[in-house]
Amino acid sequence: MNPVFNQSINIQFPNDISLTIKREDLIHPFVSGNKFRKLKYNLLKAKAENKDILLTFGGAFSNHIAAVAYAGKEQGFKTIGIIRGDELSDRIEENPTLKFAQQNGMQFEFVSREEYRLKSETSFIEKMKDKFGDFYLVPEGGTNELAVKGCEEILKEEDSVFNYVCCAVGTGGTISGLINSALPNQKILGFPALKGDFLNDEIRIFAKKDNWNLISDYHFGGYGKINLELIEFVNAFFEKTKVPLDPIYTGKMVFGVIDLISKNYFPAHSKILLIHTGGLQGIDGMNIKLKQKKLPILKTND
Ligand SMILES: *Cc1c(COP(=O)(O)O)cnc(C)c1O
C-alpha cells in the first residue's frame, strides 16, 4: 500500500472556492482506489474462514475484476471471475482488463446476460460450488458491510478542513463509508455513474447519517456511456492538473463538480475534496472502443 496524498487543483474558481483531490488512485499500482479499500477486510475474512478461492462477478472492463485478480494473487488466493457476456470467451486477448486478470491467474466463467442476472440466486451459487469448490464470495462491485468499513478509512483527520467531499457512485459502497466517517461540518455529494433511482435505498442500507446527497445529472446517458464533451474535459483536466481521470467514474464526477461550481451550487469559500477512486486500468479498453468509433482517445499519461 502506497501513501495517499491530497493534491490541490491549480484551477482558479470564483468566490474563493477551492478544489483538492485525494489521490486514492495511487494507493496500489494495480489494485486502485476504492477497490483496494473494499477488498481489505473481505480478504482478511476470507483468510480467517480458511477459504483459498475468491469468486466474484463483473463486466468486460470491470475495475473490480482486475482488482480481485491482482489482490487475490498477491495474497495467495485462487480467483474465479464470473463475466457478463458469453461472447467474450474467445476475445480475451483483445480486452486489456480480462487479459490482465487472466495473466494474474483469474479463471473465468463466461455467462449470458440472462444468466448473469440470476447470479446471486442460490441455485447459481450452488452450481458454481459444484464446479469450483468452496469459495469466498465477493459481491459484484465489491460492496458489502466489510467493504464499507474499508471505505470508512478514506477520510483522515487532516481532511476536517473540507466542507464538501465528492465521489463517484456505482453500487454505493464507497459513498457509504465516506458518509459514516464524515465530520458534522461535512457534506458528502455522490455522482452516480449510471442511471437509476435505486441508489438512494442501497446507500441507506449501509449509511448511518443524512449528511449526503446524490446528484444524478452527470451520468452521461448511463453506465459506461461517454461522449466527446466528456473526453475533451478529461483530456483538458489532465493537461492542466496532471491528474488522470477515468471516463466511467471519476471523469463524470469531476465534470459535475466543476459544472456545479459554475452554476453557483456551492457557497462562497467552500473547500471541496474530490475522492479519486482510481479506475485508470479501464482507459486502455475505452481507447480501443473510441478508436473504433473514430473519436479522440483519452490522453492520461505523458
Ligand atoms: C467501482 C468504482 C466506483 C464505484 O464505487 P461504489 O463503491 O461501487 O459506489 C467509483 N470509482 C471507481 C474508479 C470505481 O472503480
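Look up: the structure comes first, before these words.
Just so we're clear, the structure is a prediction, and the values are computed from it rather than from any experiment. (Residues numbered from 1 in each chain as written. Predicted model: local features only at pLDDT ≥ 70, side-chain atom pairs only at ≥ 80, totals over all residues. Heavy atoms only, no water.)

Give me the packing of aromatic side chains: which residues, what numbers.
Overall, the coordinates contain 12 aromatic pairs when judged by the stated rule. Between Tyr-265 and Phe-266 the ring centres are 5.0 Å apart and the planes differ by 75°, which places this aromatic pair in the edge-to-face class. Among the residues examined, Phe-266 registers a relative accessible area of 4% and is labelled buried. Following the ring pairs from residue to residue traces out a cluster consisting of Phe-191, Tyr-218, Phe-220, Phe-233, Phe-237 and Phe-255. Over the aromatic face of Phe-57 sits the side chain of Lys-119, whose NZ or CZ is 5.9 Å from the ring centroid. Above the ring of Phe-238, the side-chain terminus of Lys-242 is found at 5.1 Å from the ring centroid. (Phe/Tyr/Trp six-rings, centres within 6.5 Å; stacked < 30°, edge-to-face > 60°. Buried < 20%, exposed > 50% of the residue type's maximum accessible area, 1.4 Å probe, protein only. Lys NZ or Arg CZ within 6 Å of the ring centre and 35° of its normal.)

I'd like to hear about the site of the ligand, residue by residue, with values.
Among the 15 residues in the neighbourhood of the ligand, the closest are listed as Lys-35, Lys-38, Thr-171, Thr-174 and Thr-277. Within the complex, the protein chains bury 98% of what would otherwise be the 380 Å² of accessible surface of the ligand. Of the pockets mapped on this structure, the ligand occupies the largest pocket. Sort the elements by how many residues they give to the shell around the ligand and helix H1 (residues 34-48) lands first, with 3 residues. Looking at the shell around the ligand, its residues break down into 2 nonpolar, 11 polar and 2 charged. (Near = heavy atom within 4 Å. Areas by Shrake-Rupley, 256 points an atom, 1.4 Å probe, with all protein chains shown as cover. 1 Å grid on protein atoms, 1.4 Å probe; cavity = no way out; pocket = protein on both sides within 12 Å on 5 of 7 lines; lining within 4 Å. Sits in = over half its atoms within 2 Å of the grid points. Helix = DSSP H or I, 4+ residues; strand = E, 2+ residues; numbered from the N terminus. Nonpolar A, V, L, I, M, F, W, Y, C, P; charged D, E, K, R; others polar.)

Lay out the pattern of salt bridges with the relevant residues and their values.
Inspection of the entire model under this criterion finds 13 salt bridges. In this structure, Asp-25 engages Arg-23 in a salt bridge whose closest nitrogen and oxygen atoms are separated by 2.9 Å. Here the two residues Asp-25 and Arg-23 agree in accessibility, since each one is buried. Glu-153 is the salt-bridge partner of Lys-40, the closest N and O atoms lying 2.7 Å from each other. Residue Lys-40 is located in helix H1, and its partner Glu-153 is located in the loop between helix H6 (145-151) and strand S7 (164-169); the two are separated by 113 residues in the primary sequence. (Salt bridge = Lys/Arg side-chain N within 4 Å of Asp/Glu carboxyl O.)

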